[in-house]
Amino acid sequence: MFKKVLVPVDLTEPEFIRQALQLALREVRENNAELHLITVVPGFSNSFVASFFSESEHQKAVTEVARKFKKFALSELPDDVKPVLKVYEGSPAELIVDYVRRKEIELVLMSAHHRSRVDEFLLGSVSARVAERAGCSVMLLKN
C-alpha cells in the first residue's frame with residue numbers, strides 16, 4: 001500500500017524504535033516499499049550551543065552519531081533490507097517534516113512518549129508536530 005516508509009530514530013532511546021521498525025519491515029516486505037531511517041542531532045545548529053564546541057569537536061560528534069546510526073541499522077534490520085540512512089542537525093520535528101515532503105514519504109512510523117502535561121507544555125512533542133504537519137499518513141505508537 002505504501003511505497004516509501006520513514007522511521008525517525010532517536011539513538012538515545014533505541015528500545016522505543018523496535019516496534020516501529022517491525023511494522024515498517026512488514027510494509028517493506030508486503031509492498032516492496034523503500035525504507036528510510038533518519039536521526040537528528042539537536043543542538044549544534046543553535047549558535048549558543050555551537051559556541052561551546054570547536055568545529056572539529058562538532059564534526060567528531062556528528063561522525064560518531066553517523067557511526068552509531070549505521071551500527072544500529074545493521075543490528076536491528078535483516079541483511080536483505082537496505083534502508084536509506086540520513087543524519088541531520090537541527091530541530092527534529094522540522095527536519096522530519098521537511099524530509100517527508102522532499103522524499104515524498106507516504107507513511108511515517110514513530111513512537112510517542114508518555115509525558116506529563118507540564119513536560120508536554122515546556123518541551124512540546126516531536127511526534128505531535130510531525131503528525132500535524134507531515135502531509136502523509138503518520139502512525140504513532142504509544143510506549
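Each value, and the rule that gives it
In this convention, every chain numbers its residues from 1, walking through the sequence in written order. For this predicted model, a pLDDT threshold of at least 70 governs which residues receive local features, and a threshold of 80 or more governs which side-chain atom pairs are given and counted, while totals over whole chains, interfaces and linings are taken from all residues. Only heavy atoms go into the side-chain values, all of them from the structure, while hydrogens and water stay out. Each helix is a run of H or I in the DSSP string that is no shorter than four residues. Each strand is a run of E no shorter than two, and both are numbered from the N terminus. Categorising residues by exposure relies on relative accessible area from a 1.4 Å probe, with only protein chains included: less than 20% of the type maximum marks a residue as buried, more than 50% marks it as exposed, and the intermediate range marks it as partly exposed. Pairs of residues are marked as contacts when any of their non-hydrogen atoms sit within 4.5 Å. Strands qualify as paired when DSSP identifies two bridges or more between them. Lines fitted to C-alpha atoms define the axes here, with helix axes fitted over just the stretch in contact, and angles between the N-to-C directions of these axes take values from 0 to 180 degrees. By definition, a salt bridge exists where a carboxyl oxygen of Asp or Glu is found within 4 Å of a side-chain nitrogen of Lys or Arg. The cut-offs work like this: below 35 degrees is roughly parallel, past 145 is roughly antiparallel, 65 to 115 is roughly perpendicular, and the gaps in between are oblique. The sense of a crossing depends on the near helix, which, turned anticlockwise from the far helix by less than a right angle, makes the crossing left-handed and, turned clockwise, makes it right-handed. The nonpolar class holds Ala, Val, Leu, Ile, Met, Phe, Trp, Tyr, Cys and Pro. Asp, Glu, Lys and Arg form the charged class, and all remaining residues, Gly among them, are polar. Here, nonpolar core means buried Ala, Val, Leu, Ile, Met, Phe, Trp, Tyr and Cys residues that are tied together by side-chain atoms lying within 4.5 Å of each other.

**Quick look at the overall build of the chain**
Helix and strand counts for the chain come out as 6 helices and 5 strands. Helices and strands in the chain line up, N terminus first, as β-α-β-α-α-β-α-β-α-α-β. Looking at the 143 residues of the chain, the share that counts as buried comes to 37%. Across the chain, contacts joining residues at least 24 apart in sequence account for 76% of those joining residues at least 6 apart.

**Re the sheet that holds strand E4 (residues 107-112)**
With parallel pairing, the 5 strands of this open sheet are ordered in space as E3-E2-E1-E4-E5. Each edge of the open sheet carries a strand with a single partner, namely strand E3 (84-89) and strand E5 (137-142). Within this sheet the neighbouring strands show an average axis-to-axis angle of 25°, counted without direction. Relative to E5, E4 runs parallel, the two sharing 6 bridges. Among the inter-strand pairings, Met110 is bridged to a residue of E5, identified as Leu140. Across the sheet, helix H3 (residues 55-76) touches strand E2 (34-41) and E3, and the angle it forms with E3 is around 150°.

**Quick notes on the pattern of salt bridges**
A complete count under the given rule lists 4 salt bridges for this structure. A salt bridge links Arg67 to Glu64; its shortest N-O distance comes to 2.6 Å. With a gap of 3 residues between them, Arg67 and Glu64 both fall in helix H3, about one helical turn apart. The class for Arg67 is partly exposed, based on a relative accessible area of 44%.

**What about the packing of helix H4 (residues 92-103) against helix H6 (residues 126-133)?**
For the pair H4 and H6, the least separation of the axes is 9 Å and the interaxial angle reads 30°. By the angle between their directions, the pair H4 and H6 is classed as roughly parallel. Two packed elements cross with a definite hand, and for H4 against H6 that hand is right-handed. Each of Pro92, Ala93, Ile96, Val97 and Arg101 in H4 lies in contact with H6, whose residues at this interface are Val126, Arg129, Val130 and Arg133. The class makeup of the residues in the contact of H4 with H6 is 6 nonpolar, no polar and 3 charged.

**Remarks on the nonpolar core**
Ranked by size, the top nonpolar core spans 21 residues in total, and within it Val5, Val7, Leu35 and Leu37 carry the most contacts. At the level of secondary structure, the elements contributing two or more residues to this core comprise strand E1 (4-8), helix H1 (18-31), E2, H3 and E4. It is H1 that provides the largest number of residues to this core, a total of 5 residues. Residues Ile38, Val40, Ala93 and Leu95 belong to the second largest nonpolar core, which totals 16 residues.

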